[in-house]
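# Structure at a glance
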Amino acid sequence: MDPADFDTVLLDPTRLSIVSLLVSVEWAEFGWVRESVGMSPSALSKQVSTLESRGYIEVKKGYVGKRPRTWLALTTAGRAALERHVAALRRVVEESQRAAERRDT
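Residues numbered from 1 in each chain as written. Predicted model: local features only at pLDDT ≥ 70, side-chain atom pairs only at ≥ 80, totals over all residues. Heavy atoms only, no water.

### Observations regarding the overall build of the protein chain
Applicable threshold: Starting at the N terminus, helices and strands are each numbered in turn, a helix being any DSSP run of H or I of at least four residues and a strand any DSSP run of E of at least two. Radius of gyration means the value over C-alpha atoms here, while the globule rule gives 2.2 Å times the residue count to the 0.38 power. Buried means the residue's accessible area, taken with a 1.4 Å probe over protein chains only, is under 20% of the maximum for its type, while exposed means over 50%, and partly exposed covers the values in between. Two residues form a contact once any of their heavy atoms are found within 4.5 Å. The Shrake-Rupley method, run with a 1.4 Å probe sphere, supplies the accessible areas, and residue values consider only the shown protein chains as cover.
Counting its secondary structure elements, the protein chain contains four helices and three strands. Along the protein chain, from the amino end to the carboxyl end, the secondary structure elements read α-β-α-α-β-β-α. Taking 13 Å as the expected radius of gyration for a compact globule of 105 residues, we find that the protein chain reaches 17 Å, considerably beyond that expectation. Projected onto its principal axes, the C-alpha coordinates of the protein chain cover approximately 65 × 25 × 20 Å. When each of the 105 residues of the protein chain is scored for burial, the buried share is 30%. Nonlocal contacts in the protein chain, meaning residues at least 24 apart in sequence, comprise 53% of its contacts between residues at least 6 apart. Accessible surface computed for the protein chain: about 6,800 Å², of which carbon and sulfur atoms make up 51%.

Following this line, the structure appears as structure tokens:
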């Protein structure tokens, strides 16, 4: 397995959790993402900044009534990065299973 197959940004379990969560929604409110991944607002903000700087997520700010809100969305680049990273993880599992099968025969 070539280490280049893995996305270094998504090796972090927190960032992987965030993009995995966003893959199933068009836009997600920051508070929902924070609760879903179990992070403090400041910790999530730091991870969101990293993902946004790589072009993996888009951040939109606005208001609901008079209350400020932030929404997050997975970009096309983020979706592609997640798909490549998951495919690399699957290859690791498959190679491990094949090695175990060869050992058992």
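### Topic: the pattern of salt bridges
Filter applied, for reference: Take a side-chain nitrogen of Lys or Arg and a carboxyl oxygen of Asp or Glu: if they are within 4 Å of each other, that pair is a salt bridge.
Under the definition given, this model contains two salt bridges. As a salt-bridge pair, Asp5 and Arg91 come within 3.4 Å of each other at their nearest N and O atoms. Of this pair, Asp5 sits in the segment before helix H1 (13–22) while Arg91 sits in helix H4 (residues 76–104), and the two are 86 residues apart along the sequence. Relative accessible area serves as the criterion here: at 29%, Asp5 is assigned to the partly exposed category. Look at Arg91 and you get partly exposed, because its relative accessible area is 32%. With its nearest N and O atoms 3.9 Å apart, the salt bridge here joins Glu35 to Arg34. For Glu35, a relative accessible area of 59% corresponds to the exposed category. On the accessibility criterion, Arg34 (25% relative accessible area) is partly exposed.

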